[in-house]
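Take a look at the letters that make up each chain.
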Amino acid sequence: DIQMTQSPSSLSASVGDRVTITCRASETISSHVNWYQQTPGRAPKLLIYVASRLQSGVPSRFSGSGSGTDFTLTISNLQPEDFATYYCQQGFSSPVTFGGGTKLEIK
Amino acid sequence: EVQLLESGEGFVRPGGSLRLSCAASGFTFRSYAMSWVRQSPGRGLEWVSTISGPGEDTYYADSVMGRFTISRDNARNALYLQMNSLRVEDTAVYFCTKGSGSGWPFEFWGQGSLVTVSS
């Protein structure tokens, strides 16, 4: 199975900051990475698919990049509603697998 | 508006069975693969199973193969997960999702159903 390693596992930031979350795949996966946001008690929500495509309705302050094994999710101008846990997921080969998550907290 | 409404959560002893259901609305159900994804503190997010739009093709994680069965009723816009021979490690919140995660993301998620397996 392909392992997805996220870093950092937790991150503190302030409203208005720009943050970057990294996801590394254990083998090359082209651009087959999706990013999800989860707030406590809620289901994950799709933010970015195929590494860089913004899901409909998601604010443009969210962006994704990368290919091969290294991927990033960047959030510009952090808003209060962005403090959540973020997960990457590879869809290149079965079984699809998720990263362990990055918890973004308010500083 | 896409909605995925799950039901069937509960408590069961090891070796027992449980059936989860997911009622879908807001999209052409039969046209999309559907999946179950679970989440637990110890295992994080874990894909469980996927079924194709027509329902002819099914896929399972190794951890549930032979114990869980995914199915769908396209006339009723419903997705199911029959879980047999449940183990303590199956304890998790189970999410119904639109999409397969492979080639297309898990586009929408249900609210989740808690399954607790304990003696």
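What comes next concerns the included structure. (Residues numbered from 1 in each chain as written. Chains lettered and ligands numbered in written order. Predicted model: local features only at pLDDT ≥ 70, side-chain atom pairs only at ≥ 80, totals over all residues. Heavy atoms only, no water.)

## Quick look at the pairing of strand β1 (residues 3-7) of chain B
Regular strands have side chains that alternate between both faces of the sheet. Residues and elements named next belong to chain B. Judged by which residues are buried, β1 turns out to be one-sided: L4 and E6 face inward and are buried, whereas Q3, L5 and S7, on the alternate face, are not. Inspection of the sheet shows β1 paired to strand β3 (residues 18-25) by five bridges, in the antiparallel sense. Bridging across to β3, L4 finds its partner in A24. (Buried < 20%, exposed > 50% of the residue type's maximum accessible area, 1.4 Å probe, protein only. Helix = DSSP H or I, 4+ residues; strand = E, 2+ residues; numbered from the N terminus. Pairing = 2+ DSSP bridges.)

## Some thoughts on the interface of chain A and chain B
Taken together, the contacts link 16 residues of chain A with 17 residues of chain B. Buried surface at the junction of chain A and chain B, both sides included, amounts to about 1,300 Å², of which 65% is carbon and sulfur. Applying the counting rule to chain A against chain B returns zero salt bridges. Counting across the chain A and chain B interface gives five residue pairs in polar contact (both at pLDDT 80 or more). Considering only residue class, the side of chain A that touches chain B consists of nine nonpolar, seven polar and no charged. (Contact = heavy atoms within 4.5 Å. Buried area = accessible area lost by both parts, 1.4 Å probe. Salt bridge = Lys/Arg side-chain N within 4 Å of Asp/Glu carboxyl O. Polar contact = N/O pair within 3.5 Å; in protein donor to acceptor, adjacent residues only side chain to side chain. Nonpolar A, V, L, I, M, F, W, Y, C, P; charged D, E, K, R; others polar.)

## Some thoughts on the state of the cysteines
With the rule as written, the count across this model stands at two disulfides over all chains. Disulfide pairing is shown between C23 of chain A and C88 of chain A; the S-S distance is 2.0 Å. Here the disulfide of C23 of chain A and C88 of chain A is right-handed, its torsion about the S-S bond being about 60°. Residue C23 of chain A is found in strand β3 (residues 19-25), and its partner C88 of chain A is found in strand β9 (residues 85-90); the two are separated by 65 residues along the sequence. Its relative accessible area of 0% is what places C23 of chain A among the buried residues. A relative accessible area of 0% means that C88 of chain A is categorised as buried. Two residues share a disulfide in this structure: C22 of chain B and C96 of chain B, whose sulfurs sit 2.1 Å from each other. (Disulfide = S-S within 2.5 Å.)

## A short note on the environment of P8 of chain A
Residues and elements named next belong to chain A. On the secondary structure map, P8 appears in the loop between β1 (4-7) and β2 (10-13). Here the alpha-carbon distance between P8 and L73, two residues 65 residues apart in the chain, equals 12 Å. In this structure P8 touches T20, G101 and T102, once residues within four positions along its chain are discounted.

## Here's the deal with the nonpolar core
In this structure, W36, L79, L81, M83, Y94 and W109 of chain B are the most contacted members of the largest nonpolar core, which totals 39 residues. Contributions of two or more residues to this core are made by β5 (45-49) of chain A together with β3, β4 (34-40), β5 (44-51), β7 (68-73), β8 (78-83), β9 (92-98) and β11 (113-117) of chain B. One finds A25, V33, V58 and F83 of chain A within the second-largest nonpolar core, a separate group that totals 24 residues. (Core = buried A, V, L, I, M, F, W, Y, C linked by side-chain atoms within 4.5 Å.)

## Remarks on the sheet that holds β7 of chain B
All names here are of chain B. Reading across from one edge, β1-β3-β8-β7 is the order of the four strands in this open sheet, with antiparallel pairing throughout. Each edge of the sheet is formed by a strand with only one pairing partner; in this case those strands are β1 and β7. The mean inter-strand angle of the sheet, taken between neighbouring strand axes irrespective of direction, is 15°. (Axes fitted to C-alpha atoms, helices over the stretch in contact; angles between N-to-C directions.)

## Considering the packing of aromatic side chains
With the rule as written, the count across this model stands at 10 aromatic pairs over all chains. Summarising the aromatic geometry, the rings of Y36 of chain A and F98 of chain A are spaced 6.1 Å apart at their centres and angled 50° between planes, so their arrangement reads as tilted. Pair noted here: Y36 of chain A is in strand β4 (residues 33-38) and F98 of chain A is in strand β10 (residues 97-98), with a separation of 62 residues, a long-range link. Judged by relative accessible area, which is 0%, Y36 of chain A ranks as buried. Note on F27 of chain B and F29 of chain B: the rings are 6.1 Å apart at their centroids and 55° apart in plane angle, and the pair reads as tilted. Members of the aromatic cluster, joined through ring pairs, are Y36 and F98 of chain A together with F95, F106 and W109 of chain B. Sitting over the ring of F29 of chain B, R72 of chain B keeps its end group 4.2 Å from the ring centre. Directly above the ring of F27 of chain B sits K98 of chain B, whose terminal nitrogen or CZ lies 5.3 Å from the centroid. (Phe/Tyr/Trp six-rings, centres within 6.5 Å; stacked < 30°, edge-to-face > 60°. Lys NZ or Arg CZ within 6 Å of the ring centre and 35° of its normal.)

## Considering the layout of surface pockets
Rolled over the atoms, a probe with the dimensions of a water molecule shows which regions are left empty. A volume near 600 Å³ is recorded for the largest pocket. Along the wall of the largest pocket there are 23 residues; nearest its centre are R42, A43, P44 and K45 of chain A together with W109 of chain B. Secondary-structure elements contributing two or more residues to the lining of the largest pocket are β4 and β5 of chain A together with β1 and β10 (108-109) of chain B. Looking at the lining of the largest pocket, the element that brings in the most residues is β1 of chain B, giving three residues. The class makeup of the residues in the lining of the largest pocket is nine nonpolar, 10 polar and four charged. Roughly 300 Å³ of internal volume is contained in the second largest pocket. Elements represented by at least two residues in the lining of the second largest pocket include exactly β10 of chain A together with β5 of chain B. Considered class by class, the residues forming the lining of the second largest pocket number eight nonpolar, three polar and four charged. (1 Å grid on protein atoms, 1.4 Å probe; cavity = no way out; pocket = protein on both sides within 12 Å on 5 of 7 lines; lining within 4 Å. Points joined across faces, edges and corners; volume = space filled by probe spheres on them.)

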